[in-house]
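Residue-level listing of the chains:
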Amino acid sequence: MGLLSRGLRLAVIKFRIADFFSPWRILHWRRLLWRSQYYSDDEMRALQWELLSRLLKHCFENVAYYRKGFGELGLHPSDLRSVDDLSLVPVINKRVVLGQHEEFKADNFERFRPREVHTSGTTGTPLSLYWDADSNVLELVCQWRHFSWSGYRLGE
């Protein structure tokens, strides 16, 4: 009996090849991922914090849910100086995202030309979210790197 005949929905993501083919983005992420696999623990933590702090800053400046939540807690992105400080930020769950979907959309989200994607709902409720070109490229390059560990070379 197939998945669909058992009542499970599969996620359908509609992308064009152009959503993945962004030479400068591919080169940027490939270079970073290939180098970072050899980083020391301290170098990796520094890279992770750099990327995460940029995301936190973006959320504070552009995402209503986080702007409001940080404000209610009296937090500013500069208060978060390391991964240890993330304990100050409340954990959210799928129910929160579903209930306040529009508040999670960045004010400047059109700038990133996102695509709406949907989860299959295997946990009971499907979820809609947005992926931008960088997300697609990063997913592609991560898979490329992971396959390379087993000897696969692109095009084989």
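All values reported here derive from a predicted model rather than from experimental measurement.

Next up on the list: the overall build of the chain. Looking only at helices and strands, the chain has five helices and two strands in total. In the chain, the order of α-helices and β-strands from amino to carboxyl end is α-α-α-α-β-β-α. Relative to its 156 residues, the chain shows a buried fraction of 24%. Long-range contacts, defined here as pairs at least 24 residues apart, represent 60% of the contacts in the chain between residues at least 6 apart. Of the roughly 11300 Å² of accessible surface on the chain, a fraction of 57% belongs to carbon and sulfur atoms.

Let us look at the packing of helix α1 (residues 23-36) against helix α5 (residues 133-148). The interhelical angle for the contact between α1 and α5, taken along N-to-C directions, is 40°, at an axis separation of 9 Å. The angle between α1 and α5 places the two elements in the oblique class. Between α1 and α5 the crossing geometry is right-handed. Contacts between α1 and α5 involve Arg25, Ile26, Trp29, Arg30, Leu33, Trp34 and Ser36 from the first element and Ala133, Asp134, Val137, Leu138, Leu140, Val141, Cys142, Trp144, Arg145 and Ser148 from the second.

Looking now at the packing of helix α2 (residues 41-62) against helix α3 (residues 64-73). Contact geometry for α2 and α3: axes closest at 6 Å, N-to-C directions at 90°. Classified by the angle between their axes, α2 and α3 sit roughly perpendicular to one another. The segment α2 lies against α3, with Leu56, Cys59, Phe60, Glu61 and Asn62 engaging Ala64, Tyr66, Arg67 and Phe70. Per-class residue counts for the contact of α2 with α3 are six nonpolar, one polar and two charged.

Within the chain, residue pLDDT values average 83, and 87% of them lie at 70 or more. Contacts for the low-pLDDT stretch residues 1-13, under 50 throughout, to residues beyond four places or in other chains number 14 contacts.

To continue, consider α1. Given a rise of 1.5 Å per residue, 14 residues ought to cover 20 Å, and the 20 Å separating the end C-alpha atoms of α1 matches this to within 8%. Listed in full, the buried residues belonging to α1 are Ile26, Trp29, Leu32, Leu33, Trp34 and Ser36.

Here we take up the pattern of salt bridges. The full count for this structure, using the stated rule, is six salt bridges. Close ionic contact of Arg45 with Asp42 constitutes a salt bridge, the shortest N to O distance being 2.8 Å. One end of the pair, Arg45, and the other, Asp42, are both in helix α2, three residues apart, so they sit about a helical turn from each other. Accessibility expressed as a relative area gives 48% for Arg45, which makes it partly exposed. Under the relative-accessibility criterion, Asp42 is labelled exposed at 57%.

Before going further, it helps to examine the packing of aromatic side chains. For the structure shown, the criterion picks out eight aromatic pairs. Aromatic pair Tyr65 and Phe104: ring centres 4.3 Å apart, planes at 25°, arrangement stacked. Of the two residues, Tyr65 is situated in helix α3 and Phe104 in the loop between α4 (94-99) and β1 (115-118); the sequence distance between them amounts to 39 residues. The class for Tyr65 is buried, based on a relative accessible area of 19%. These aromatic residues form a ring-pair network of at least three members: Phe60, Tyr65, Tyr66, Phe70 and Phe104.

Now for the side chain of Asp132. Take Asp132: it is sitting in the loop between β2 (128-131) and α5. Buried charge without a partner: Asp132 forms no salt bridge, and the closest opposite charge is Arg25, 6.7 Å away. At a separation of 2.7 Å, a polar atom in the side chain of Asp132 contacts the side chain of Ser135. Here Asp132 is in contact with Phe112 and Pro114, once residues within four sequence places are set aside.

About the cut-offs
- Residues numbered from 1 in each chain as written.
- Predicted model: local features only at pLDDT ≥ 70, side-chain atom pairs only at ≥ 80, totals over all residues.
- Heavy atoms only, no water.
- Helix = DSSP H or I, 4+ residues; strand = E, 2+ residues; numbered from the N terminus.
- Buried < 20%, exposed > 50% of the residue type's maximum accessible area, 1.4 Å probe, protein only.
- Contact = heavy atoms within 4.5 Å.
- Areas by Shrake-Rupley, 256 points an atom, 1.4 Å probe, with all protein chains shown as cover.
- Axes fitted to C-alpha atoms, helices over the stretch in contact; angles between N-to-C directions.
- Parallel < 35°, antiparallel > 145°, perpendicular 65-115°, else oblique.
- Left-handed = near helix turned anticlockwise from the far one by under 90°.
- Nonpolar A, V, L, I, M, F, W, Y, C, P; charged D, E, K, R; others polar.
- pLDDT = per-residue confidence, 0-100.
- Expected span 1.5 Å × (residues − 1).
- Salt bridge = Lys/Arg side-chain N within 4 Å of Asp/Glu carboxyl O.
- Phe/Tyr/Trp six-rings, centres within 6.5 Å; stacked < 30°, edge-to-face > 60°.
- Lys, Arg positive; Asp, Glu negative; His and termini not counted.
- Polar contact = N/O pair within 3.5 Å; in protein donor to acceptor, adjacent residues only side chain to side chain.

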